[in-house]
Amino acid sequence: MAGPAADPGRARPARRHRDDRGREVRLALRADRGPDPRPPADPGRRTGLDGVLPADRAPRHPGHPAVRRQPRRGQPRRNPRGRRCHRLPSSLLLGATFDTETARETGALLGRQARAQGFAVLLAGGANLVREATGGRNFEYVSEDPLLTGRLVAASVAAIQAEGVVSTVKHFSLNAQETGRVMANSRIEEASHRESDLLAFQIAIEEGRPGSVMPGYNLVNGHYAGENAHLINGVLKDEWRFEGWIMSDWGATHSTEKAALAGLDVQSGADFDAEHYFGEPLRSALREGRVPPERIDDMIVRQLRTLFRLGVIDNPPTPGGPIDLAAGRRIAQRAAERGLVLLRNEADTLPAAQGLDRIVVIGRHADAGVLAGGGSSAVTPEGSLVEPSGMDRVWSDRVYHPSSPLDAIRAEGGTRRVDFLDGTNHDAAASAAEGADLVVILAEEWRAEGLDRPGGGLPDGQEDLIARVAAANSRTVVVIESGGAVSVPWASNVAAVIAAFYPGSGGAEAIAGVLFGRVNPSGRLPVTFPARADQLPRPEQRDPATTTSNPNQERIGEIFEVPYDIEGSDVGYRWFAREELTPHYPFGWGLSYTTFAFSGLTVTADGADVRVQGVVTNTGTRAGAAVPQVYVGRANWDGAGFVPRLAAFDRVHLEAGQSRPVELHLEPRVLARWDDGEGAFHIAGGDYEIRIGAHALDEDGPTQTITLTPSHLH
């Protein structure tokens, strides 16, 4: 989409020589490396070039402590003076769309709104795989699958940068948990790393061409990610030929010489570190010959080259640009509508009829807004409801975006009477549910940066609330607003379940649209919903009181190892398949109000180029979106080495009765294994089973076996 038109009445600056512009940028960037260790007076601006500042950092919390002890949850307050912007659905909900077009559309909105506020660097592009079901920051990531994650992050990053804003990809790599994140040493073998998290980053970087990559807070195989020479110099810069710059996370720099020589280009948020390592210590290292001048030149060139490539130098962003709030809300709502996942729909309870006599809506703040995740990614649009989180070691408030499910249900359903209860009194909720035509419970599970979610179920007695209400009314629908997968042992006792994750601005309208049928649900789970905690690779959780989770905080305990070699590259649904475990809801699961069929499966192979062709047909009576998923496994698999994995996917909108041909190109690295000796992916020769599935466990779809010849991928 085109950006705002230039103002013909605005005086144009004199054309500057490229060297002059370069000098301005060097001044702007010097704030990241010294010499002055004091923070700028205005944290939203830099010397020389406005906006060379990550959009999700400086102006929001210039004096924010890494950890602030919160009071117990108190009275919420409205925030009428929030940001003039929108909160898009969480990245996990974007993953549920299985749609690169939605990623591009929402990415472009991010880029436009960041630029309109004067920012040129956006810390977007979370490409970590969801390895820990209870991870506090899972809502910031896309999925548990490397292909889905890589493709959607790439589309989002490319769209952001098309608006003249630099996008990062983060947190490189294996930053899968929040509790103890600055003390966690992620251990994994090279092949497993290449086939999982690194593959997601590789796809995102190849296709999205981000201007910057941000390492995580954690250690990887014994070295902090921001000074891990193998990952930064070896993989990113040498093998992948990444041309942008590597910027640390805030408080994630631990050295001068080691970090600089490992490939770190920018120390970000130096006030959070023990020292301004890239200030005077870097000058000393340069004078003493411990860091060569060519390394300093490379740091600068990488930043300048990227800023010139994306037009930031010639057309720098300025604050006060136009923000089309109405258009942004439509985009946010449309994304939520594409990503809501209908998990259960017993006896076609949904869509509900319009004009019912009475509906009961239950949920803590379902009258005010939809829940959002906490941390540095938090956005508080105008009119949001804000309350203290009530959780230790979390510095973020709990925010509800101004999109009221109660109001949306009243507007969408045409119901004669809609009653509301906050659900704190379970007896009152059960009593009100009796005799209602429909009961909608808005269940909440809040997560935030800096702390993993304790336990896997719904907190605060909500499971008891659901049980009581469902016993009183069989037409009970539960909408889960969560930061990731939750256990749902109560699901079989309710009529319908919708996974809404954190749906953002317009999320309530999307939920109401699904409830009453204006929206045909088409989201598919981007993560596995386990049946029990003991199904997970690491079911035990670390006590947050025994470790340190945030930068700029006193260290507690010792660095500890997180053994990711337990599952290796078989993350999420692949772990469940390998261990022959049955989840409650599998990866890729999602119901619709219509039905689809895939016919005419044809698979062709030319070396590593494998393509699937066929026809998708809407065999039902409603328009909807089909999400064909192509899974590949070794034929006659014995469970010892190559579990089925997602190799291609698509999203196809079809009217009732409509058919459309599709062609899907299988990602060859998904078919391959990493060969340490060759330093490359290698496809083993033999028979492979290509299956079209509605989800990861679907074995009823069309299947074809094909023989592949051995090949190395370079």
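Analysis parameters
Residues numbered from 1 in each chain as written. Predicted model: local features only at pLDDT ≥ 70, side-chain atom pairs only at ≥ 80, totals over all residues. Heavy atoms only, no water. Helix = DSSP H or I, 4+ residues; strand = E, 2+ residues; numbered from the N terminus. Buried < 20%, exposed > 50% of the residue type's maximum accessible area, 1.4 Å probe, protein only. Contact = heavy atoms within 4.5 Å. Areas by Shrake-Rupley, 256 points an atom, 1.4 Å probe, with all protein chains shown as cover. Polar contact = N/O pair within 3.5 Å; in protein donor to acceptor, adjacent residues only side chain to side chain. Core = buried A, V, L, I, M, F, W, Y, C linked by side-chain atoms within 4.5 Å. Pairing = 2+ DSSP bridges. Arc of directions from axis to C-beta. pLDDT = per-residue confidence, 0-100. Axes fitted to C-alpha atoms, helices over the stretch in contact; angles between N-to-C directions. Phe/Tyr/Trp six-rings, centres within 6.5 Å; stacked < 30°, edge-to-face > 60°. Lys NZ or Arg CZ within 6 Å of the ring centre and 35° of its normal.

> Hey, could you go over the overall build of the chain for me, with residue numbers and the actual values?
Each helix and strand in the chain was counted, giving 17 helices and 30 strands. Going through the 714 residues of the chain one by one, you find that 62% of them count as buried. Restricting the contact set of the chain to residue pairs at least 6 apart, pairs at least 24 apart contribute 78%. Surface exposure of the chain reaches about 26,600 Å², of which carbon and sulfur atoms provide 48%.

> Tell me about the side chain of R669, and name the residues and values.
Locating R669 in the fold gives a position in helix 17 (residues 668-671). In this structure R669 comes out as buried when scored by relative accessible area, which is 12%. Discounting residues that sit within four places of it in the chain, R669 has contacts with L199, Q202, I203, E206, F681 and L713.

> Please provide a residue-by-residue account of the side chain of Q629, values included.
Within the secondary structure, Q629 is located in strand 22 (residues 629-634). Polar contacts involving the side chain of Q629 include one to the main-chain carbonyl oxygen of A694, which spans 2.9 Å.

> Help me get a handle on the nonpolar core, residues and values and all.
Note that soluble globular proteins tend to have their nonpolar side chains buried in a common cluster. If you look at the biggest cluster of nonpolar residues, it comprises 105 residues, and the most contacted ones within it are V612, L646 and L666. Sequence-distant contacts of L646, that is, excluding residues within four places in its chain, are made with F98, D145, L147, L148, Y573, F587, Q629, V630, Y631 and V670. Core analysis: the next-biggest nonpolar cluster, separate from the first, contains 68 residues, A96, A443, V479 and V519 among them.

> Can you explain the sheet that holds strand 4 (residues 184-187)? Please cite residues and give values.
Note on sheets: strands pair through backbone hydrogen bonds, and any given pair is parallel or antiparallel. Spatial ordering of the open sheet is given by 7-6-4-18, a layout of four strands whose pairing is mixed. Here the strands that pair on one side only, and so sit at the sheet edges, are strand 7 (223-224) and strand 18 (560-563). Pairing geometry for strand 6 (residues 219-220) and strand 7, over two bridges, is antiparallel. Bridging across to strand 7, V220 finds its partner in H223.

> Got a sec to walk through the environment of Y564? Specific residues and values, please.
Structurally, Y564 is set in the loop between strand 18 and helix 16 (573-578). Along the chain, Y564 and I188 lie 376 residues apart, while their C-alpha atoms are 5.3 Å from each other.

> Outline the environment of V477, supporting the account with residue identities and numerical values.
Its location among the elements puts V477 in strand 16 (residues 476-482). A sequence separation of 35 residues divides V477 from L442, and the C-alpha atoms of the two residues are 8.7 Å apart.

> Tell me what's going on with helix 12 (residues 405-413), and back it up with residues and numbers.
For an α-helix, the turn length of 3.6 residues means that residues three or four places apart are oriented alike. Taken residue by residue, helix 12 has P405, L406, A408, I409, E412 and G413 as its buried positions. Viewed along the axis of helix 12, the buried residues span an arc of 165 degrees, placing them on a single side of the element. On its buried face, helix 12 is in contact with strand 10 (358-362), strand 11 (370-371), strand 14 (417-421), strand 15 (438-445) and helix 15 (507-516). Positive phi appears at G414, one or two residues downstream of helix 12, with a value of about 60 degrees.

> Got a sec to walk through the confidence of the model for the chain? Specific residues and values, please.
Interpreting fine coordinate detail is not advised for predicted regions of low pLDDT. The predicted model of the chain has a mean per-residue pLDDT of 89, with 87% of residues at 70 or higher. For residues 1-73, every residue scores under 50 in pLDDT, and the model assigns this stretch 135 contacts once sequence neighbours within four places are set aside.

> So what's going on with the sheet that holds strand 16? Residues and values would help.
Spatially, 9-17-16-15-10-14 is the arrangement adopted by the six strands of the open sheet, whose pairing is mixed. Strands with a single pairing partner mark the edges of an open sheet, and in this sheet they are strand 9 (341-345) and strand 14. Sheet twist, expressed as the mean angle between neighbouring strand axes with direction ignored, is 15 degrees.

> Describe the packing of aromatic side chains, naming the residues involved and giving the relevant values.
With the rule as written, the count across this model stands at 10 aromatic pairs. An angle of 70 degrees between the planes, with centres 6.2 Å apart, marks the rings of F172 and W240 as edge-to-face. One end of the pair, F172, is in strand 3 (residues 166-172); the other, W240, is in the loop between helix 7 (229-239) and strand 8 (245-246), with 68 residues separating them in the sequence. Under the relative-accessibility criterion, F172 is labelled buried at 0%. For W240, a relative accessible area of 15% translates into the label buried. For the pair F642 and Y688, a centre-to-centre distance of 5.9 Å together with 85 degrees between the ring planes defines the contact as edge-to-face. Residue F642 is located in the loop between strand 22 and strand 23 (645-649), and its partner Y688 is located in strand 28 (residues 686-693); the two are separated by 46 residues in the primary sequence. The residues F642 and Y688 share a single accessibility class, namely buried. Ring-pair connections join several aromatic residues into one group, and the members of that group are F98, Y573, F587, Y631 and F649. Positioned over the ring face of F560 is R542, at 3.6 Å from the centre of the ring. One residue, R634, lies across the ring of Y688, its end atom 4.6 Å from the ring centre.

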